[in-house]
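Chain and residue survey
The lines below spell out each chain.
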Amino acid sequence: MKHIWSTTRGPLALLLLALCAACGSRPIYEDEEFKKDSPYQRTYASGEQEACDAAQRALLSQGYRIDEAKDTNIHAHKEFQPEEELNAVLDFHVICKSSSKGATVFVNAIETRYKLKKVSGGASVSVAGGGISLPWSKSADSLVKVSSTTVTEKKFYKQFFDLVWTFIDK
């Protein structure tokens, strides 16, 4: 009987692994499409520094805080609180590159959501020989990241690029 178990254990383990692998989700990159027409870019008839300056002005005009601004690279963010215990941050990344038609501005925005997590605990101290107990409680709240995703809405980027256009010297 022991011999049968040892000869079937290997194939059984392989079958179990194969079943577990089949239950897993497909890789996210399988849905990724690389298209020439992208909502994340727009070309302007200007220099790359002028285009990035206009992008920076557009972000500042909408209440974004500039975290880093180089000649052709900008990182900015804006914070939101859509619900009482939910915070969100919208991170903007802008890169400006020269092109044959002027400058192409590449942009992507990442929305990250954080939920308030309340943690409470308690402790007490007892004095030896007596029954004195001094209880105290401790409470700590922290924001826990619950999601992070690239904004894919074409209208969102169109509005940004249209605003950038208004800041480019014509």
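Residues numbered from 1 in each chain as written. Predicted model: local features only at pLDDT ≥ 70, side-chain atom pairs only at ≥ 80, totals over all residues. Heavy atoms only, no water.

Quick look at the packing of aromatic side chains now. Inspection of every chain in the model, using the stated rule, returns seven aromatic pairs. Between the aromatic rings of F156 and Y157, the centroid separation amounts to 5.2 Å while the plane-to-plane angle is 85°, which identifies the pairing as edge-to-face. We classify F156 as partly exposed; its relative accessible area is 23%. An aromatic cluster is built from Y40, Y64, F92, F156, Y157, F160 and F161, whose rings are joined through pairwise contacts. (Phe/Tyr/Trp six-rings, centres within 6.5 Å; stacked < 30°, edge-to-face > 60°. Buried < 20%, exposed > 50% of the residue type's maximum accessible area, 1.4 Å probe, protein only.)

Let us now look at the confidence of the model for the protein chain. Any segment with low pLDDT has predicted coordinates that should not be analysed in fine detail. The share of residues in the protein chain with pLDDT of 70 or more is 74%, and the mean pLDDT across the chain is 83. When mean pLDDT is compared element by element in the protein chain, helix 3 (residues 154-167) scores highest at 97, while helix 1 (residues 2-23) scores lowest at 52. (pLDDT = per-residue confidence, 0-100. Helix = DSSP H or I, 4+ residues; strand = E, 2+ residues; numbered from the N terminus.)

For the rest of this paragraph, the subject is the state of the cysteines. Throughout the structure, instances matching the rule amount to one disulfide. Note that C52 is cross-linked by a disulfide to C96, the S-S spacing being 2.1 Å. Its S-S torsion of approximately 100° makes the covalent link between C52 and C96 right-handed. Highlighted residues: C52 in helix 2 (residues 48-61) and C96 in strand 4 (residues 86-99), separated in sequence by 44 residues. (Disulfide = S-S within 2.5 Å.)

Inspection of the entire model under this criterion finds eight salt bridges. Residue K118 pairs with E85 through a salt bridge whose shortest N-O separation is 3.8 Å. Pair noted here: K118 is in strand 5 (residues 102-126) and E85 is in the loop between strand 3 (73-83) and strand 4, with a separation of 33 residues, a long-range link. In this structure K118 comes out as exposed when scored by relative accessible area, which is 56%. Of the residues examined, E85 reaches a relative accessible area of 32% and is grouped as partly exposed. Residue E111 is joined to R113 by a salt bridge in which the shortest nitrogen-to-oxygen separation is 2.7 Å. Overlapping salt bridges, with partners in common, bring together R42, K158 and D162 in one network. (Salt bridge = Lys/Arg side-chain N within 4 Å of Asp/Glu carboxyl O.)

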